[in-house]
Amino acid sequence: MKDKLHLTPADPFPEELTAIPNEKLQVLDSQVQRQLDREIVLDGETDPETEFRHYELDDEFESRETTSEV
């Protein structure tokens with residue numbers, strides 16, 4: 001199955017990001033970012049669920065970056 005270009009708020013989102021490999025996490029991040037951009041263009045604002053997912057991904061990337069520096 002081909003990856004979707006964006007991840008809508010209705011699409012499933014992993015509850016636990018720590019177990020996802022970096023490459024898949026980056027794809028997920030790209031999908032969420034595209035959705036944010038799409039919502040802004042179409043609706044003029046972002047959906048709270050998309051915003052939440054964006055922050056969750058940012059936190060996970062920051063956590064991985066901090067862990068890899070130790």
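Every residue gets a number counted from 1 within its own chain, in the order that chain's sequence is written. Where local features are concerned, this predicted model is filtered to residues with pLDDT of at least 70; where side-chain atom pairs are given and counted, the filter is 80 or more; whole-chain, interface and lining totals use all residues. Hydrogens and water are ignored here; the side-chain numbers use all heavy atoms of the structure.

A few points about the environment of L7
Segments assigned H or I by DSSP are reported as helices when at least four residues long, segments assigned E as strands when at least two residues long, and all are numbered from the N terminus. Turning to its location among the elements, L7 is positioned in the segment before α1 (22–43). When its relative accessible area of 8% is taken as the criterion, L7 is described as buried. Between the alpha carbons of L7 and V32 there is a distance of 5.4 Å; along the sequence they are 25 residues apart. Each residue gets one of three labels from its accessible area relative to the maximum for its type: buried under 20%, exposed over 50%, partly exposed in between, using a 1.4 Å probe on protein chains only.

Section: the nonpolar core
Soluble globular proteins tend to bury their nonpolar side chains together. Nine residue types can take part in a nonpolar core, namely buried Ala, Val, Leu, Ile, Met, Phe, Trp, Tyr and Cys, and a core is a set of them joined through side-chain atoms within 4.5 Å. Grouped together as the largest cluster of nonpolar side chains are eight residues: L7, F13, L17, I20, L25, L28, V32 and L57. A per-element tally of this core places α1 first, with three residues. Contacts are residue-level and defined by heavy atoms, with any inter-residue pair within 4.5 Å sufficient. If sequence neighbours within four positions are ignored, V32 has contacts with L7, F13, T50, R53, H54 and L57.

Observations regarding the side chain of Q31
Considering the arrangement of structural elements, one finds Q31 in helix α1. Polar contacts here mean pairs of N or O atoms no more than 3.5 Å apart (in protein, one a potential hydrogen donor and the other a potential acceptor; neighbouring residues in sequence count only if both atoms are side-chain atoms). Within the local environment of Q31, its side chain forms a polar contact with the backbone oxygen of K4, the two atoms lying 2.8 Å apart.

Structural notes on the pattern of salt bridges
Opposite charge on two side chains makes pairing possible when the charged atoms of those side chains draw close. One side-chain nitrogen of Lys or Arg within 4 Å of one carboxyl oxygen of Asp or Glu is enough to make a salt bridge. Overall, the coordinates contain three salt bridges when judged by the stated rule. Salt-bridge contacts for K4 lead to D11; the nearest nitrogen and oxygen are separated by 2.7 Å. Judged by its relative accessible area of 39%, K4 is partly exposed. One salt bridge connects E60 with R64, and the closest N-O pair in it is separated by 2.7 Å. Within this pair, E60 and its partner R64 are both found in helix α2 (residues 48–69), separated by four residues, close to a single helical turn.

Some details on the environment of H6
By the element assignment, H6 lies in the segment before α1. Through-space distance from the C-alpha of H6 to that of E39 is 10 Å; in sequence the pair is 33 residues apart. In this view, H6 contacts D11, Q31, R34, Q35 and R38; residues no more than four positions away in its chain are not counted. Side-chain polar atoms of H6 contact the side chain of Q35, separated by 3.0 Å.

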